[in-house]
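Summary of structural features
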Amino acid sequence: MPKRLIWFLVALALVMGFNILSPILERQTAINRSEDSSLSVRPSGYKALYLLLQRTQAPSAALWQHSMMNLKNMPPHTIWLVEPGDGLFFDGARYVAHMRSLVEQGNHVIVAIDDNTPHDLKATLKAINTWYGLSLETDSLGVAKENLAVISRFPSRDIRSLSYQQPLNNSGKTGRDWLAYRSQGGRKLLAFQSQSVRNGETLLSTAHGEPLIVRFHIGAGSVTVFANSYYFGNGQLSLGDNAPLAVALQEMNGHAPALFEVYSAGFNENRDILTYLATGKGICLLITLLLLLVAFCVWVIWQPIKRKQYSGHSNENYFTQEVFIDSLASHYIATGNWTALYAKLAEQFKRQIEHKYPGLPFDVQLDRIGQNPFFDVSLESLKAVFVMIRISSESDFIAKSQRLLEIQRKVNRNEQQYEPRAGHRSASAGTAG
């Protein structure tokens, strides 16, 4: 393989490898920078909630990394919308109808938001009210308490208290929780206005009866809204009854598998090459490959043409006695066909004779050798060498091969390479007379 082709393939492999690894590295960077998604490992993130339901529920929780328009109605799921981003909220009539149809056909939607939700609390509640025909509004009950006594109405678990630990910043790092606490005096505890719940079911309330989690049955499915999602954060889930509350919300929907929507937070899983090529990185990959191909073609065109070099002398490999002995042993072990092996030996001798008298018939070549006294070989013995008869035994083969090799030795002597011409002999004889 030419070196230029090898270098081109190496460069092509490096470019493709970089483009394949780049989305993986970029995704990990996005996870590390994420503040409040279901993949974020920061104190304000919700990866602990996702892992909790993944390990305690059967079937386990999964991520939904596509547009909600791609989610089918069947089989039913419990769809967790935890701190959804702007990518979830659209006001198109078709999108609104699809979001409502998901619930009517049997899916259960759990919306977990707080006062500092990415899409803005009022805008998020307005979208939910529009999709499902609700009229939810919230009131602030002050700052989140370390221990909040609650009354629960879950069929599987009894939730008695929620706990919130104010974030500390001893290391000097700034984060979403810390900034919110400093600027707003801590996270707000929100409750739904009783008149806005209407015919909804209150699953969790304060000791004074303010609704904290409400559920609405729509068609075969339901919509559940919790306005204090920070209780489910990575830094809070292990406190109080926070984790049992998350499990209770999932269990009340039966065995419907949990789906955590992360597409709106910027996590898009492109499963096919066409979708990837439609992105900016995919277009850059195509352009890079085309430029590499053009550069390779230009390089090949500008390379000098290499012509084949022919040698004035050919290196003819003769069938030596060493090779013959080795071949003899191998051939004897394999087949024991002495006639074919002798024919190969005679063929090599014939080529040597034709090299001495090129262009002449073989019978004339033998006659020339037999008439030349310097070779000391009779024409009859020379012709007998090339008579092909069946050789039936090893001893016959050895005897016949020895005669061939003896005659071949005489013919190939260096001092006998010159044959005097008849005209030269006549002239010499006239001079002598």
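Below you will find a few notes about this structure. (Residues numbered from 1 in each chain as written. Predicted model: local features only at pLDDT ≥ 70, side-chain atom pairs only at ≥ 80, totals over all residues. Heavy atoms only, no water.)

**Some words on the sheet that holds strand S8 (residues 201–206)**
Sheet strands pair via backbone hydrogen bonds, and the direction of the pair is either parallel or antiparallel. Taken in spatial order, the nine strands of this open sheet run S1-S11-S2-S3-S10-S9-S8-S5-S6, and their pairing is mixed. One side of each edge strand has no neighbouring strand; the edge strands of this open sheet are strand S1 (62–64) and strand S6 (161–163). Averaged over all pairs of adjacent strands, the angle between their axes in this sheet comes to 20 degrees, without regard to strand direction. Strand direction decides the pairing type here: strand S3 (residues 108–112) and strand S10 (residues 221–226), joined by five bridges, are parallel. Residue pairing across strands places Val 109 opposite Val 223, the latter belonging to S10. Helix H7 (residues 242–251) rests against strand S2 (78–82), S3, S6, S8, strand S9 (211–218), S10 and strand S11 (258–261) of the sheet, and its axis sits at about 140 degrees to S2. (Pairing = 2+ DSSP bridges. Helix = DSSP H or I, 4+ residues; strand = E, 2+ residues; numbered from the N terminus. Axes fitted to C-alpha atoms, helices over the stretch in contact; angles between N-to-C directions. Contact = heavy atoms within 4.5 Å.)

**Some points on the packing of aromatic side chains**
Enumeration according to the criterion identifies 13 aromatic pairs in this entry. Here the aromatic rings of Tyr 50 and Phe 260 are separated by 5.5 Å at their centres, their planes lie at 80 degrees, and the arrangement is edge-to-face. Here Tyr 50 is found in helix H2 (residues 47–56), whereas its partner Phe 260 is found in strand S11, with 210 residues between them in sequence. For the pair Phe 349 and Phe 386, a centre-to-centre distance of 5.6 Å together with 25 degrees between the ring planes defines the contact as stacked. With a gap of 37 residues between them, Phe 349 in helix H11 (residues 338–356) and Phe 386 in the loop between helix H13 (379–385) and helix H14 (394–411) connect regions that are remote in the sequence. Of the two residues examined, Phe 349 and Phe 386, each falls in the buried class. Here a set of aromatic residues connected by ring pairs shows up, and it is made of Tyr 50, Trp 80, Phe 226, Phe 232 and Phe 260. It is Lys 350 that lies over the ring of Phe 362; its NZ or CZ is 5.0 Å from the centre. (Phe/Tyr/Trp six-rings, centres within 6.5 Å; stacked < 30°, edge-to-face > 60°. Buried < 20%, exposed > 50% of the residue type's maximum accessible area, 1.4 Å probe, protein only. Lys NZ or Arg CZ within 6 Å of the ring centre and 35° of its normal.)

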